[in-house]
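Reading the structure
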Amino acid sequence: MSLKDEGFKRYLGKKYPETWRDMPIAAIVPWPGNTAEVKTHAWRTIRPVINQDKCIRCRLCWTFCPDGAILEVDEEYKTSSGRVFKVSYKVDYDHCKGCGICAAECPVNAIEMVPEER
Amino acid sequence: MALSKPVRTIWDIPREERFAPGHTMCQGCGAAIIMRHLTKVIGKDAIIVQATGCVEVTTTAFPRTSWLNPWLHLAFENAGAGASGVEAALKALKRKGVIDPNRKIKVVAIAGDGGTFDIGLQSLSGMLERGHNVMYVVYDNEAYMNTGIQRSGATPLGAWTTTTPVGKKMRGELRPKKDLIGIALAHRIPYIATASPAYPTDMVEKLRKAYETEGPSLVHIISPCTPGWRIRNEDTIKVARLAVLTGMWVLLEIVNGKPRVTVKVPKRKPVREYLKLQGRFRHLTDEEIARIQKMVDEYVEEINRWVGEQAIGPVEE
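Bear in mind the structure is a predicted one, so any value in this text is a computation, not a measurement. (Residues numbered from 1 in each chain as written. Chains lettered and ligands numbered in written order. Predicted model: local features only at pLDDT ≥ 70, side-chain atom pairs only at ≥ 80, totals over all residues.)

**Focus: the overall build of chain B**
- In terms of regular secondary structure, chain B is built from eleven helices and eight strands.
- Relative to the 2.2 N^0.38 estimate, which gives 20 Å for 317 residues, the radius of gyration of chain B is 19 Å and therefore close to what a compact globule would have.
- Principal-axis analysis of the C-alpha atoms places the extent of chain B at approximately 65 × 45 × 35 Å.
- Looking at chain B as a whole, 53% of its 317 residues qualify as buried.
- Considering only contacts in chain B between residues 6 or more positions apart, those separated by 24 or more positions represent 68%. (Helix = DSSP H or I, 4+ residues; strand = E, 2+ residues; numbered from the N terminus. Rg over C-alpha atoms; globule rule 2.2 N^0.38 Å. Buried ≥ 20, exposed ≤ 12 C-beta atoms within 10 Å, placed from the backbone. Contact = placed C-beta atoms within 7 Å.)

Here it is as structure tokens:
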């Protein structure tokens, strides 16, 4: 069981506190890195869209993302010109704040910032 | 596991994320990029001691945390003192056999420029002077951005902040930036470096070397702040890069007192290019820009003399 699933179980024997008696005496942060539960997607007005055919897998967008919202995944991709890449870059739209650093720093302009419509 | 081999290319940076997303740092925050790479470098065997500042406030709003390491919050003034205490406690626990003595656990202190240049300077000085095995990382956004852009010792000459306003009597910050590297150098510590998030391999390699150093080490990183510097969100990296290319920020590495410029700039750009991108410098007249240019020229000359080579070249339009 991961620390994430464990949640309050480690302290209480159940995942979430049910009554006031279950509340821990002191403040507890249930698991490390739990801001990941917070979705910051509502911050953005423009969102990055990666053109996988144009992308040369230079890793710069992944490096410069302040939110870790560009994911590097081991997924093989064959571009339209026949080039095969072992890794792919995807956007975590739950956490992307839409700053546009990835699009500004992309050397081949493979990332486009598209207005968010809701 | 911390990084074991030198970082030469961007592909040597580990993929594993150890800094959780969902923190409330601004869009395009430079400090968030630094923290991501810092946590990648230090791995899990590190205790983070964090002074108050932007990063502390935005990553640890109760009941959540972005950190996967043991993490200790301290006030502005005592990051150095707290880190010294944690390091001394680790030493005692190792001596008593509670922790395996061969296990390498590093104490990492993180502070902003307010917590380092102004309020935390005496505890930092104490930490460096006593020779604690602590790595101290300063992310320098050149003002108290967390509380609403008040000037700090790190604010550069001419910059607008809410406490150095622009009007008839005052034209932004009156004093140049404090020389933190000079202060650290005076303590004769084994490793001092300056870094910029626009040069990630250089930054990660310096953080790795600071991690490997036995004894106190200090890494000073420029961290563009989008609301405080009045820049567009996507220009964070561009501004950090221009700071290096114009000579405002020199990427230095000082190992046991021997200085070296890690990123050489053969042809320097005029500072105007760096200043015109930022709203905090928009009030500057041509004479004031010429004064800043002269200051940077003198600084670059001093650096070149110090490292003994033409590391930063002349200005080229």
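**Quick notes on the environment of B:Cys54**
All names here are of chain B.
- Along the chain, the position of cysteine 54 falls in helix α2 (residues 54–59).
- The buried category is assigned to cysteine 54, around which 25 C-beta atoms lie within 10 Å.
- Note: C-alpha distance between cysteine 54 and proline 200 (146 residues apart in sequence) is 21 Å.
- Dropping the residues within four chain positions of it, cysteine 54 is found in contact with Met25, Ala31, Gly112, Asn141, Met145 and Asn146.

**Digging into the packing of helix α3 (residues 79–95) of chain B against helix α5 (residues 121–130) of chain B**
- Running from amino to carboxyl end, α3(B) crosses α5(B) at an angle of 35°, the nearest separation of the two axes being 6 Å. Seen from α3(B), the contacting residues are B:Ala79, B:Gly80, B:Ala81, B:Ala83 and B:Ser84; seen from α5(B), they are B:Ser123, B:Leu124, B:Gly126, B:Met127 and B:Arg130. (Axes fitted to C-alpha atoms, helices over the stretch in contact; angles between N-to-C directions.)

**Regarding the environment of B:Phe19**
- In this fold, B:Phe19 is placed in the segment before α1 (30–42).
- On the basis of neighbour counts, which here come to 25 C-beta atoms within 10 Å, the residue B:Phe19 falls in the buried class.
- Every residue in contact with B:Phe19, bar those within four places of it in the chain, is listed here: A:Gly68, B:Met35, B:Arg36, B:Thr39 and B:Ser66.

**Structural notes on unusual backbone geometry**
All names here are of chain B.
- Positive phi values are uncommon outside glycine, yet glutamate 142 reaches one of about 65°.
- One non-glycine residue with positive phi stands out, namely asparagine 256, at about 50°.
- Mapped onto the fold, asparagine 256 is located in the loop between β7 (252–255) and β8 (258–261).

**Remarks on helix α7 (residues 200–212) of chain B**
Residues and elements named next belong to chain B.
- For α7, which comprises 13 residues, the first-to-last C-alpha distance of 18 Å matches the rise-based estimate of 18 Å (1.5 Å per residue) to within 8%.
- Extensive coverage of α7 is indicated by the burial of eleven of its 13 residues.
- Within the span of α7, buried status applies to Pro200, Asp202, Met203, Val204, Glu205, Lys206, Leu207, Arg208, Lys209, Ala210 and Tyr211. (Expected span 1.5 Å × (residues − 1).)

**Observations regarding the nonpolar core**
- Core analysis: the biggest nonpolar cluster contains 114 residues, and A:Cys61, B:Val49, B:Val108, B:Ala109 and B:Val137 have the highest contact counts within it.
- Here this core takes eight residues from α1(B), the largest share from any one element.
- When residues no more than four places from it in sequence are discounted, the contact partners of B:Val137 are B:Leu38, B:Val108, B:Ala109, B:Ile110, B:Val219 and B:Ile221. (Core = buried A, V, L, I, M, F, W, Y, C linked by C-beta atoms within 7 Å.)

**Here's the deal with the sheet that holds strand β4 (residues 134–140) of chain B**
Residue and element names in this part refer to chain B.
- On the basis of which strands lie adjacent, the open sheet formed by eight strands has the order β2-β1-β3-β4-β6-β5-β7-β8 and mixed pairing. Each of the sheet's edge strands pairs with one partner strand only, and the pair in question is β2 (71–73) and β8. Going across the sheet, the axis of each strand differs from the next one's by a mean of 15°, ignoring polarity.
- Bridge analysis of β7 against β8 gives four bridges, and the strand direction is antiparallel. The residue of β8 that forms the bridge with leucine 252 is valine 261.
- Packed onto the sheet, α1 meets β1 (46–50), β3 (106–112), β4 and β6 (217–222) and runs at close to 165° relative to β4. (Pairing = 2+ DSSP bridges.)

**A closer look at α3(B)**
Residues and elements named next belong to chain B.
- For α3, built from 17 residues, the straight-helix expectation of 24 Å at 1.5 Å per residue is met to within 8% by its first-to-last C-alpha distance of 24 Å.
- Buried within α3 are the following residues: Ala79, Gly80, Ala81, Gly82, Ala83, Ser84, Val86 and Glu87.
- The elements touched by buried residues of α3 are β1, β2, β3, α4 (114–118), α5 and β4.
- Downstream of α3 by a residue or two, glycine 97 has a phi angle that is positive, lying close to 85°.

**Considerations on the interface of chain A and chain B**
- Opposite the 30 residues of chain A that make contact, chain B presents 32 residues.
- Elements with a minimum of two residues in the side of chain A that touches chain B: α3 (60–64) and α4 (101–105) of chain A.
- For the side of chain A that touches chain B, the element with the highest residue contribution is α4(A), accounting for four residues.
- By residue class, the composition of the side of chain A that touches chain B is 14 nonpolar, nine polar and seven charged. (Nonpolar A, V, L, I, M, F, W, Y, C, P; charged D, E, K, R; others polar.)

**Topic: the confidence of the model for chain B**
- On average, residues of chain B score 92 in pLDDT, and 99% of them are at 70 or above.
- This complex was scored by the predictor with a pTM of 0.92 and an ipTM of 0.88. (pLDDT = per-residue confidence, 0-100.)

**Observations regarding the pairing of β7(B)**
Residue and element names in this part refer to chain B.
- When strand β5 (residues 191–195) meets β7, the two strands line up antiparallel, connected through three bridges. Residue pairing across strands places isoleucine 192 opposite isoleucine 254, the latter belonging to β7.
- A loop of two residues connects β7 with β8, the two strands running antiparallel in sequence, and asparagine 256 in this loop sits at a positive phi of about 50°.

**As for the confidence of the model for chain A**
- When pLDDT is averaged along chain A, the result is 84, and 85% of the positions lie at 70 or above.
- For chain A, the element scoring lowest by mean pLDDT is helix α1 (residues 3–6) of chain A, at 56; α3(A) scores highest, at 94.

**Some remarks on the packing of α1(B) against α7(B)**
All names here are of chain B.
- Running from N to C, α1 and α7 point in directions that differ by 45°, and their axes come no closer than 9 Å. Judged on the interaxial angle alone, α7 and α1 are oblique. Helix-helix and strand crossings are classified by hand; for α1 and α7 the assignment is right-handed. Where α1 abuts α7, its residues His37, Leu38, Val41 and Ile42 lie against Pro200, Met203, Val204, Leu207, Arg208 and Tyr211.
- Of the residues that constitute the contact of α1 with α7, the class distribution is eight nonpolar, one polar and one charged. (Parallel < 35°, antiparallel > 145°, perpendicular 65-115°, else oblique. Left-handed = near helix turned anticlockwise from the far one by under 90°.)

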